[in-house]
Amino acid sequence: MSKQVFTQVIRGAHSWVSQAEQALEKALAEHGPDKPVGWGPQTAYYLPMSYALMGLEAKTLGDLRVQVQHARELLQPIPSEELWLPYLGDGLDAGAATMLAQEVLVALRTVNGHVMPPGWQGFISDTIMRELGIQLVDGRMPGFALILGPAPTTEIAVGVVRELQKRNILVFLCANREGKTMREQMVEGGVFPDDAPMEECWDLYVVPVGPDTLDGIYVLNWSIRSALTFGGHKRGESRKCLDYTKRRIHAFGITFGEIPDDWYAMGAGAILMGYPVISDSTTTPEIRPTGVTVREALVVETDHEKLVPTCIDTRAVKVKIEKIDIPVGYAAAFEGERVRKEDMHVQFGYKYSPAVEYVHTVDGSEVQDGQVELFGPDIDSATEGGAMPLGIEVLVAGRKMARDFEGILERQIHRWTSHAMGFMHTGQRDQIWCRVSKKAFAAGFRLRHLGVILHAKLHEEYGGIVDKVAVRLFTDEQQVRKLIEEGRRAFTYRDDRIAGMTDESVDVFYSCTVCQSYAPDHVCVITPQRLGLCGAYNWLDGRANYEISPTGPNQPIPKGRTLDPVKGEWEGVNKFVYEHSNRKVERFCAYSLLEAPMTSCGCFECIVAILPLANGVMVVNREFGEVTPSGMSFGELASVTGGGAQTPGFLGVGRLYLSSPKFLAADGGVKRLVWMPKQLREAIRERFQKEAARIGEPDLLDKIATEEDAKTEEEVLAHLEKVGHPALALPPLV
Ligand code: SF4
């Protein structure tokens, strides 16, 4: 703890208490002890701070004696140069003494006929507390800031206030330096006119409370009332009230310039309530240990651009962005919207250009919340109907963020970006395919709007784990390819985590219904040995997402009684799938292609299709552009496989499932694989070899035909016979 800080706090508190003592004695001499004090019908809590902390019902000047005496008793001597006992408790007691003394001082104003100058709020009534306090405690209003100013310049003052407004954070202004206030800076900067009525200021979320430091107590005694009103705590339950404000009211203080003693004392009061203070002065010593406040208590941020993000981080404010500022409509209703070729301005990914989306965690110091950067040309430069490379890199920071959550956040990109009218998104990871419609382009939609969407939605839906979000968009092909490489390393890491777990080793599987917007009856059942068919969600992801979002799209599915271990049929899973598929899918066999297979939405990485003549199955990945031995291209196969219905003989799968011991286990397993594109065969080689070795067929992969060996089902059969493929020795598939 800094000796300097607590010396100044205690010295400042002594000064406040002395002022209160003197002012009270003067008032008593003038009016006598029975003179009523307080704000009358504006509050039911007498002097709210002493009511909450001391249980005092101060109604008269005489009652204020008790309050001032208690404030005096809380004070320790001002630390001397020689002897110093670094007690945090003494500093916090000095904060409490300051708030009680300040409250007496403002209460005495009601006796002395003091009137707030025009344009300043002064006391804040219970009515306002009820109207806004409920938003503060239920999170609709993320928090409030009490600023002691002025800022060094009007530009800085306006910049900071605008950043807070953007985040819906209520701003209170008080104090002055040599007569200059932040209210004046707001007027100079055009935030509101000098004659703005107070209602306008409340509507703007920028409320000048009073021109003096003392006026800050109006804000603190307003916020302590929330513990009494919304927290249900009783008068005098000081610990409970302070714990409530710390946990439920996301407030913080900002101080501009060097901090004088009286500000320090008031800051200690704020800290006691759980509200940290952020100073822009290099002379302020920091108080980093946490405990009294949720995170650090006193933090220095000299870069005014970073001041608000630092406040947000220090107070752990969960930012909510109400309106997504993009030039096209934004609603869940647009999620299933397709952008047809003739309506398209430009597209990204699939077989037309390299594209990737990748979410990863970074340290909080490396990311500026809300920053969206574009590297490369925007879509203005695209040839209409053409394709461009696209890399979407999302950097997230959060003290509760874990690497295990990255894949989950990343998978939401599909849903969030699809909600923008005229933007189509399918796929995941390095398999995305996006289109921007001509109409969206004409309306002004540009790539940076993807960043605006992702920033807002990540805060909105994952505010519990995400504190800061920045988005980098790339259209430069070299940079996109670099991001693909980086992403692939992370994707491999994510896929490897599940290795070693089996379906038998768990009692619950996880559902995924993210894709029900496209395929309303579709439910992915994710097991340890069978990932979601998009390839982006495995069982660990399902579990992690359920932890983060217990009512979200990934729900635990208790397996229940095993009905058939070979086909992979369980009573609990059948019940769950039936209830969550709009009662369309009655049975689900996890390991069968032909009997009650899983439904397929449209996001699958690969399609498995039966080749009856070859007594096996072929598999084709999204990137393969030719006609397959089934006589259909990927796109044609997708139209018979997708949509959320069970289609025996056709199955959408994640490519990792091709190497799983549970791959079509009821139908003969990987030995049924008779054809796949060469590129896919090489991509799965490393993982597949393990499964091939396990079943005693170490050269199975090379016996599988590719487009170089066979283009028709007959040619596949001829190839199998030539290489001695084990599928031919299996029982007939149909
Ligand atoms: S394909 Fe399945 S696992 Fe992937 S997002 Fe859609 S529903 Fe979820």
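Right above here is the structure, for reference.
What you see is a predicted model, and the numbers here were worked out from it, not measured in a lab.

Rules behind the numbers
- Residues numbered from 1 in each chain as written.
- Predicted model: local features only at pLDDT ≥ 70, side-chain atom pairs only at ≥ 80, totals over all residues.
- Heavy atoms only, no water.
- Salt bridge = Lys/Arg side-chain N within 4 Å of Asp/Glu carboxyl O.
- Helix = DSSP H or I, 4+ residues; strand = E, 2+ residues; numbered from the N terminus.
- Buried < 20%, exposed > 50% of the residue type's maximum accessible area, 1.4 Å probe, protein only.
- Polar contact = N/O pair within 3.5 Å; in protein donor to acceptor, adjacent residues only side chain to side chain.
- Contact = heavy atoms within 4.5 Å.
- Pairing = 2+ DSSP bridges.
- Axes fitted to C-alpha atoms, helices over the stretch in contact; angles between N-to-C directions.
- Parallel < 35°, antiparallel > 145°, perpendicular 65-115°, else oblique.

1. Considerations on the pattern of salt bridges
Pairs can form between side chains of opposite charge whenever their charged atoms are close.
Right, on to step 1. A full pass over the atoms with the stated rule returns 48 salt bridges.
Right, on to step 2. As a salt-bridge pair, K662 and E504 come within 3.1 Å of each other at their nearest N and O atoms. Placement of K662 in the loop between β22 (650–653) and β23 (673–675) and of E504 in the loop between α16 (477–496) and β15 (508–512) is noted, with a sequence separation of 158 residues between them.
Right, on to step 3. In this structure, D564 engages K567 in a salt bridge whose closest nitrogen and oxygen atoms are separated by 3.8 Å.
Right, on to step 4. Because the salt bridges share partners, they merge into one network encompassing D564, K567, E569, R587 and E595.

2. Here's the deal with the side chain of H449
Right, on to step 1. Note that H449 resides in helix α15 (residues 448–462).
Right, on to step 2. A relative accessible area of 5% means that H449 is categorised as buried.
Right, on to step 3. Side-chain polar atoms of H449 contact the side chain of R448, separated by 3.4 Å.
Right, on to step 4. Among residues more than four places away in sequence, those in contact with H449 are D325, I326, P327 and G444.

3. Some details on the pairing of strand β12 (residues 423–426)
Side chains on a regular strand alternate between the two faces of the sheet.
Right, on to step 1. Residues of β12 alternate between two faces, with F423 and H425 on one and M424 and T426 on the opposite face, all of them buried.
Right, on to step 2. Alignment of β12 against strand β13 (residues 433–437), held across four bridges, turns out to be antiparallel. Looking across to β13, one finds that F423 is bridged to V436.
Right, on to step 3. Taken together, β12 and the strand that follows it, β13, pair antiparallel across an intervening segment of six residues, in which G427 is found at a positive phi of about 80 degrees.

4. Topic: the environment of Y264
Right, on to step 1. With respect to the secondary-structure elements, Y264 resides in helix α11 (residues 261–272).
Right, on to step 2. C-alpha separation for the pair Y264 and V9, spaced 255 residues apart in sequence, amounts to 4.9 Å.
Right, on to step 3. If near-sequence neighbours (up to four positions away) are discounted, Y264 is found in contact with Q4, V5, Q8, V9, I259, T284, P285 and L298.

5. Let's talk about the sheet that holds strand β17 (residues 556–558)
Right, on to step 1. Taken together, three strands build an open sheet; the order of strands is β16-β15-β17 and the sheet is antiparallel. Looking at strand neighbours, the two that pair on one side only are β16 (524–526) and β17, the edges of this open sheet. Each adjacent strand pair in this sheet contributes to an overall mean axis angle of 40 degrees, direction not counted.
Right, on to step 2. Here three bridges tie β15 to β17, and the two strands are oriented antiparallel to one another. Its bridge partner lying in β17, Y510 is registered against P556.
Right, on to step 3. Sitting on the sheet, helix α17 (residues 539–548) is in contact with β15, β16 and β17, with an inclination near 75 degrees to β15.
Right, on to step 4. Helix α18 (residues 571–580) rests against β15, β16 and β17 of the sheet, and its axis sits at about 135 degrees to β17.

6. Topic: the packing of helix α9 (residues 216–229) against helix α10 (residues 238–248)
Right, on to step 1. Interaxial distance between α9 and α10 falls to 9 Å at its minimum, and their mutual angle equals 110 degrees. Our classification of the angle between α9 and α10 gives roughly perpendicular. Residue-level inspection shows S223, I224, S226, A227 and L228 of α9 in contact with α10, the latter providing C241, L242, Y244 and T245.

7. Re the side chain of T417
Right, on to step 1. Relative to the elements of secondary structure, T417 occurs in helix α13 (residues 406–418).
Right, on to step 2. Looking at T417, the relative accessible area reads 1%, which means it is buried.
Right, on to step 3. When near neighbours in sequence (up to four residues on either side) are disregarded, T417 contacts F423, H425, L450, I453 and L454.

8. Some details on unusual backbone geometry
Right, on to step 1. Residue P150 is reached from G149 by a cis peptide bond, and omega for that bond is 15 degrees.
Right, on to step 2. Checked against the element boundaries, P150 lands in the loop between β1 (144–148) and α6 (154–166).
Right, on to step 3. Its identity is not glycine, yet E178 carries a phi of approximately 50 degrees, on the positive side.
Right, on to step 4. If you trace the backbone, E178 turns up in the loop between β2 (170–174) and α7 (182–188).
Right, on to step 5. Look at E178 and you get exposed, because its relative accessible area is 85%.
Right, on to step 6. We note that R429 has phi near 50 degrees; this positive angle belongs to a residue other than glycine.
Right, on to step 7. Following the sequence through the fold, R429 ends up in the loop between β12 and β13.
Right, on to step 8. In this structure R429 comes out as buried when scored by relative accessible area, which is 6%.

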